[in-house]
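Here is what each chain is made of, one letter per residue.
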Amino acid sequence: MYDSCILYHNECLYIVGGFTDGHFLDKMFKFCLKTSRWTLVPQNGPTLSSMKRIFPTWTTRQTNSKDRQFPLDSNYVSFAFSSTFGYLSCGENLFGSSHQIWKIDLESLEWFKLDYVSKCFISFLTSGIFMHKMAVVADSTLYVFNVGCHIPFCSFRLVRFAVQSPALYGLCLETIARSPNVRSIAESLPASIVDELNINSTD
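Being a predicted model, the structure only gives us computed values, none of them experimental.

### Comments concerning the overall build of the chain
Broken down by element type, the chain carries three helices and 15 strands. For the chain, the proportion of its 203 residues judged to be buried stands at 37%. Contacts in the chain between residues at least 24 apart in sequence constitute 37% of all its contacts with a sequence separation of at least 6. Taken as a whole, the chain presents about 12900 Å² of accessible surface, with 55% of it coming from carbon and sulfur.

### So, the packing of aromatic side chains
Using the criterion set out here, one finds four aromatic pairs in the structure. Ring geometry for F79 versus F81: centroids 5.9 Å apart, planes at 5°, classification stacked. Note on F81: relative accessible area 51%, which makes it exposed. Each ring, one from F85 and one from Y87, has its centre 6.4 Å from the other, and the planes form 55°; the classification is tilted. Here F85 falls in the buried class, since its relative accessible area comes to 13%. In this structure, K103 packs its charged tip against the face of F85, placed 4.2 Å from the ring centre. One cation-aromatic arrangement involves K103 over F112; the distance from NZ or CZ to the ring centre is 5.7 Å.

### Things to note about the pairing of strand β1 (residues 5-9)
Put simply, side chains in a regular strand alternate between the two faces of the sheet. Bridge analysis of β1 against strand β2 (residues 12-16) gives five bridges, and the strand direction is antiparallel. Opposite C5, over in β2, you have V16 as the bridge partner. Linking β1 to β2, which pair antiparallel, is a turn of two residues; within it N10 sits at a positive phi near 50°.

### What about the nonpolar core?
Membership of the largest hydrophobic core is limited to 12 residues, which are A80, F85, Y87, I101, L114, M134, V136, L142, V144, V159, F161 and V163. Of all elements in the fold, only β8 (85-89), β13 (129-137), β14 (141-149) and β15 (157-162) reach the threshold of two or more residues within this core. When near neighbours in sequence (up to four residues on either side) are disregarded, L114 contacts Y87, I101, K103, F161 and V163.

### A closer look at the pairing of β2
The buried count for β2 comes to five of five residues, which makes it a mostly enclosed element. What you see with β2 is no split at all: C12, Y14 and V16 on one side and L13 and I15 on the other are buried throughout.

### As for the environment of S108
Here S108 shows up in the loop between β11 (101-105) and β12 (111-113). Since its relative accessible area comes to 37%, S108 is described here as partly exposed. Between the C-alpha atoms of S108 and T63, which are 45 residues apart in sequence, the distance is 8.0 Å.

### Quick notes on the side chain of K103
By the secondary structure assignment, K103 is in strand β11. Despite its burial, K103 pairs with no opposite charge; the closest candidate is D105, at 7.5 Å N-O. Once residues lying within four places of it in the same chain are set aside, the contact partners of K103 are F85, G86, Y87, E110, W111, F112 and L114.

### Re the sheet that holds β2
Whenever strands of a sheet pair, they do so through backbone hydrogen bonds, lying parallel or antiparallel. Here four strands make up an open sheet; going across it, the order is β1-β2-β5-β6 and the pairing antiparallel. Two strands bound the open sheet, and with one partner strand each, they are β1 and β6 (37-40). Direction aside, neighbouring strands of the sheet carry axes that sit 25° apart on average. Note: β2 against strand β5 (residues 28-32), five bridges, orientation antiparallel. Of the residues in β5, the one forming a bridge with L13 is F31.

Definitions and limits used
- Residues numbered from 1 in each chain as written.
- Predicted model: local features only at pLDDT ≥ 70, side-chain atom pairs only at ≥ 80, totals over all residues.
- Heavy atoms only, no water.
- Helix = DSSP H or I, 4+ residues; strand = E, 2+ residues; numbered from the N terminus.
- Buried < 20%, exposed > 50% of the residue type's maximum accessible area, 1.4 Å probe, protein only.
- Contact = heavy atoms within 4.5 Å.
- Areas by Shrake-Rupley, 256 points an atom, 1.4 Å probe, with all protein chains shown as cover.
- Phe/Tyr/Trp six-rings, centres within 6.5 Å; stacked < 30°, edge-to-face > 60°.
- Lys NZ or Arg CZ within 6 Å of the ring centre and 35° of its normal.
- Pairing = 2+ DSSP bridges.
- Core = buried A, V, L, I, M, F, W, Y, C linked by side-chain atoms within 4.5 Å.
- Lys, Arg positive; Asp, Glu negative; His and termini not counted.
- Salt bridge = Lys/Arg side-chain N within 4 Å of Asp/Glu carboxyl O.
- Axes fitted to C-alpha atoms, helices over the stretch in contact; angles between N-to-C directions.

So, in structure tokens, the structure goes:
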């Protein structure tokens, strides 16, 4: 499956549409970050008929880099955006598959090549992925869903990568959400936190 769309909403990642063996899929899948469970999302009404890229008028802007290094021109690249940065991940170029992740400051338009902190993620990137989608959650975690790879067993994998230290509030929420006693302590939590954690959900 390729040319799908990935987005984040309410503690879940959604994979929408895409092509497989030249045929368009009108399915939507949901991955719950709390339970690590995939489900097929029921759809009411008309379903997607195609995935067409529609862009407004483009303008060009000069970007910069302190060390004069920039991403190489590539095919099958993937972009994701947080509130302050854009992230560009590997594709295929004249030299083969790239295994770099770059970020660009959306204010200064300065490029930075990210250093990897996870050997597992390095292995994932260097395995030759080239049809993948990314999403940034809480401005701190980059999720990569891979649907194409030169090594078959690396296809259809979802990995996450810390791109920025999460805020203390976010860390506290994650700790509460992962607690095995989260439902029993829900009564002592403010209603706003219960709603944000979606504790009463069946997922």
